[in-house]
Amino acid sequence: MKASNEGAAILSYMALAWNLPVIIPRGNDENIRNLSYFPNIVALHPLDKVEVSRFLMTICKKYGWKRVSLLVDSDLTVMSTTATVVQLFCGKYEMTCLQHNWSCFRCPSTNLDVALTEAKNNARVYLLLMSIGDVRSLLLRATTLGMTQPEYLYIVPDIEGFEHTGLDVWRRNDSNDDMAREAFRRVMLVLIKTPSHDSFQQMLHRLNELMFGNKTSSYVTATYNDEEIEGSDTTETSAQQYILNGYYNCFLVYLTAVNDTLTHGGDIRDGQTFIKKIFNRTYLVGDEGEFKITAEGNRVVDMAVADMVDEVLGQFQVGPMETMFSGHSKENKLDYECIM
């Protein structure tokens, strides 16, 4: 079923009346995860805002951060909707979270300075919901305001699937690279596993051929937001593969549950019983490895944190939050314990 969060909720209420199962590739807010309301639904969004938000709160809890500032790009729907979920979790974890919204595309540097100053007055830990390019611009402005000193920390969740190769995400080969590299020392990257470019490229190419009737190199434009943008004027395919991953996994879990249900003499029309066949199991996805759905119906999202460990080259290292930095000197890592 193709649906945004709002569409998924409406159709799921309707399906509940007939006890029909609902499997969606994109809906990913906390409301449709409530089994008390929707015992017949499972959502398989590769980028799970609920799990990302929970992971961010786990980081804050680990280091005792009770006050954070949330800086959000209002131009991007995916950032605004993620911010809504983050705020819900801040309330659950009894954290103070002051949100600042502004247009990264239209915002002059003076307005950005105002937002940063307001954020500075609230906290020293900042959650940045914006593209990695805008993170760089923000950190350059923060440097001029003295906000990249050791007492500041910027947490950047990988919402848009930025390229991880080399993890020198600060580099643009321009005159600001040195300043940007220095500023990114104050950054914690929260990385989310997304499908690799090669895994779905052949399938995407075949679908493109069926849609347009030829082997054109242009693809339907898509974003990491909750909705697709119609058109066929792009050759960049990472977002398309990200979306295709969700649809592919829907078919995978559905057919697995069908086989399991029929093997044991069950009725695939019994929605709530059928959906439970999907829960609490691990699914293999070809070269992509595997993913797991918990007993509560949540897809387990693979995430890790990364810190700049090579300050000369400006490279980040990925590792579990509990074990990373163990092979590096204290001078070459963020001292998270001292940030309040």
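As a reminder, the structure under discussion sits directly above these lines.
Residue positions within a chain follow its written sequence, with the count starting from 1. Only residues with pLDDT of at least 70 are given local features in this predicted model, and only at 80 or more are side-chain atom pairs given and counted; all residues enter the totals for whole chains, interfaces and linings. With hydrogens and water set aside, each side-chain value is computed from the structure's full complement of heavy atoms.

Participant: I'd like a description of unusual backbone geometry, backed by residues and values.
Facilitator: The phi dihedral of asparagine 19 falls on the positive side, at around 55°, and the residue is not glycine. What counts as a helix is a DSSP run of H or I of at least four residues, what counts as a strand is a run of E of at least two, and both are numbered from the N terminus. Its location among the elements puts asparagine 19 in the loop between α1 (5-17) and β1 (22-24). Judged by its relative accessible area of 24%, asparagine 19 falls in the partly exposed class. Phi at glutamate 94 is positive, roughly 55°, even though this residue is not glycine. Topologically, glutamate 94 is positioned in the loop between α3 (77-92) and β4 (96-102). When accessible area is computed with a 1.4 Å probe and restricted to protein chains, residues below 20% of their type maximum are described as buried, those above 50% as exposed, and intermediate ones as partly exposed.

Participant: Outline a nonpolar patch on the surface, supporting the account with residue identities and numerical values.
Facilitator: Residues enter patches when their relative accessible area tops 30% and they take part in no salt bridge; the joining distance is 9 Å for like charges and 5 Å for the nonpolar side chains Val, Leu, Ile, Met, Phe, Trp and Tyr. Note on areas: Shrake-Rupley, 1.4 Å probe, and residue coverage restricted to the protein chains presented here. A pair is scored as a salt bridge if a Lys or Arg side-chain nitrogen falls within 4 Å of a carboxyl oxygen belonging to Asp or Glu. Residues Ile10, Leu11, Met14, Trp18 and Leu20 make up a contiguous nonpolar surface patch of about 520 Å² in total accessible area. Using a relative accessible area of 38% as the deciding quantity, one classes leucine 11 as partly exposed.

Participant: How would you sum up the pattern of salt bridges? Please name residues and give values.
Facilitator: A side chain of one charge can pair with a side chain of the opposite charge if their charged atoms are brought near each other. Within the structure shown, the criterion is met by seven salt bridges. The shortest N-O distance in the salt bridge between arginine 141 and aspartate 113 comes to 2.6 Å. Of the two residues, arginine 141 sits in helix α5 (residues 132-144) while aspartate 113 sits in helix α4 (residues 109-122), which places them 28 residues apart along the sequence. Taking the relative accessible area as the measure of exposure, arginine 141 reaches 26% and is therefore partly exposed. Measuring nitrogen to oxygen at the nearest pair gives 2.9 Å for the salt bridge that ties aspartate 177 to arginine 136. One end of the pair, aspartate 177, is in helix α6 (residues 177-183); the other, arginine 136, is in helix α5, with 41 residues separating them in the sequence. A relative accessible area of 7% places aspartate 177 in the buried class.

Participant: Let's hear about the pairing of strand β9 (residues 290-293): which residues, and what values?
Facilitator: Here β9 shows a buried face lined by Phe291 and Ile293 and an unburied face lined by Glu290 and Lys292. DSSP bridges decide pairing: two strands pair if at least two such bridges lie between them. Both strand β8 (residues 281-284) and β9 contribute to a ladder of four bridges, which runs antiparallel. Following the sheet pairing, tyrosine 283 is matched in β9 by phenylalanine 291.

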